[in-house]
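Working through the structure, step by step
Single-letter residue listing:
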Amino acid sequence: MKRILYILVTAVTIGSLLFSCEPVEDRESLPAVSLTSDAVKYSIVQSPTNEHEIVVTSNNPEAISYWSYFDSKGNALGHSNKSNDIIALPFAGTFTIHYTAYTRGGAVETTPVQVTISENDDNYFRDERWGRLTNGAEGKTWVLNMIQPLEFVDSKYENSTISAPGWWPLLTDIPWANLEDKNWGEVTFDLNGGYNVTVTQTNPTVGSAEQTTKTGTFNYTLTKEFKEDKIAFNGGVEMLHPNEASYFSSSFSFTNVRIVELTETTLSYIAIRADGGYLVYHLIAKQ
């Protein structure tokens, strides 16, 4: 036992000496920023043939380019790190484009450039689902369909067109769902200068009239044959829903939902319950 202990102590001592003998790395400090904002060579030009295309060009080979662009409300719409690129802005409105040149010494900011676009790009939003959901720049508001708000379906359910209907319970049949027949709020989508969304949500506690309103942006993913269409929400916004989150699977989020029906007057999406079952919420266009 003493021999083993002696070997361990010796090994630790030798290891410590080896590490202590390593030379300390000589680190050079970063060079000073030699490039000034006045010396940065770049251009941000609206295409003369398509006002929705913004041509950005950097002529600073020694720097890494970073472009970022925002809508009139300050919402970030996207970014690019290419030296030369074309930024597509399908919306009407005024937008701000920032260019930053990253050098070895640090970042060099430049004066932001604003561009104005007169109307939405109809070709970009040519799929009729955009119009059904948002009514374009004017916007469309949706509320819960209190006649048939919930539908219970199985995991094979895809959408209302190709899937068999599920169980439509009466409100009196589901007291555990906290689904009182009342105003549960509303969700409004529009394409006025961006992917805008506003949600007024009634507190899910039974009998409560408290409401909160949040605004943000959304991403609508359109897929072939409407099988995996999804809406994701940004900025702390969630899809309108009447139930408490504790009823749903921890892997489910109301910030990212799969759409199973979208017409001029109906909007439905799937939620995953805590027991693994599927629940479809049905909304209708507000009159």
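Below or above, wherever it landed, is the structure these notes cover. (Residues numbered from 1 in each chain as written. Predicted model: local features only at pLDDT ≥ 70, side-chain atom pairs only at ≥ 80, totals over all residues. Heavy atoms only, no water.)

Turning to unusual backbone geometry, a few remarks are in order. Despite not being glycine, N135 shows a phi value in the positive range, around 60°. Looking at where N135 falls in the secondary structure, it is placed in the loop between α2 (128–134) and β9 (140–144). (Helix = DSSP H or I, 4+ residues; strand = E, 2+ residues; numbered from the N terminus.)

What follows concerns the nonpolar core. Among the nonpolar cores identified, the biggest contains 55 residues, and F189, F218 and Y281 are the most heavily contacted of them. One finds Y157, V260, I270 and Y278 within the second-largest nonpolar core, a separate group that totals six residues. (Core = buried A, V, L, I, M, F, W, Y, C linked by side-chain atoms within 4.5 Å. Buried < 20%, exposed > 50% of the residue type's maximum accessible area, 1.4 Å probe, protein only.)

Let us look at the pattern of salt bridges. It is possible for side chains bearing opposite charge to pair when their charged atoms get close. Taken as a whole and assessed by the stated rule, the structure comprises five salt bridges. Put simply, D127 and R129 hold a salt bridge, and the shortest N to O gap is 2.9 Å. Judged by its relative accessible area of 25%, D127 is partly exposed. As a salt-bridge pair, D229 and R129 come within 2.8 Å of each other at their nearest N and O atoms. Here D229, found in the loop between β13 (211–221) and β14 (230–234), pairs with R129, found in helix α2; they are 100 residues apart in sequence, far enough to count as distant. (Salt bridge = Lys/Arg side-chain N within 4 Å of Asp/Glu carboxyl O.)

Once that is clear, we can look at the packing of aromatic side chains. Per the stated rule, a full pass over the model turns up 18 aromatic pairs. Taken together, a centroid distance of 6.3 Å and an interplanar angle of 45° make the contact between F254 and Y281 tilted. With F254 in the loop between β14 and β15 (256–262) and Y281 in strand β17 (residues 278–285), the pair connects residues that are 27 residues apart, well separated along the chain. When its relative accessible area of 4% is taken as the criterion, F254 is described as buried. Three or more aromatic residues joined by ring pairs form one cluster here, namely F91, Y124, F125, W130, F189, Y195, F218, Y220 and F233. Lying across the ring of W184, K182 places its NZ or CZ 4.6 Å from the centre. (Phe/Tyr/Trp six-rings, centres within 6.5 Å; stacked < 30°, edge-to-face > 60°. Lys NZ or Arg CZ within 6 Å of the ring centre and 35° of its normal.)

Here we come to the side chain of S268. Mapped onto the elements of the fold, S268 is located in strand β16 (residues 266–272). By relative accessible area, S268 is classed as buried at 0%. A distance of 2.7 Å separates the side chain of S268 from the side chain of H282, its partner in a polar contact. The residues touching S268, leaving out its near neighbours within four places in the chain, are R258, I259, V260, E261, V280, Y281 and H282. (Polar contact = N/O pair within 3.5 Å; in protein donor to acceptor, adjacent residues only side chain to side chain. Contact = heavy atoms within 4.5 Å.)

So, about the environment of Y269. Looking at where Y269 falls in the secondary structure, it is placed in strand β16. Separated by ten residues in sequence, Y269 and L279 place their C-alpha atoms 8.4 Å apart. Each residue touching Y269, except ones within four places of it in the same chain, is listed here: M239, L240, H241, F254, V257, R258, I259, V260, L279, V280, Y281 and L283. Polar contacts involving the side chain of Y269 include one to the main-chain carbonyl oxygen of L240, which spans 2.8 Å.

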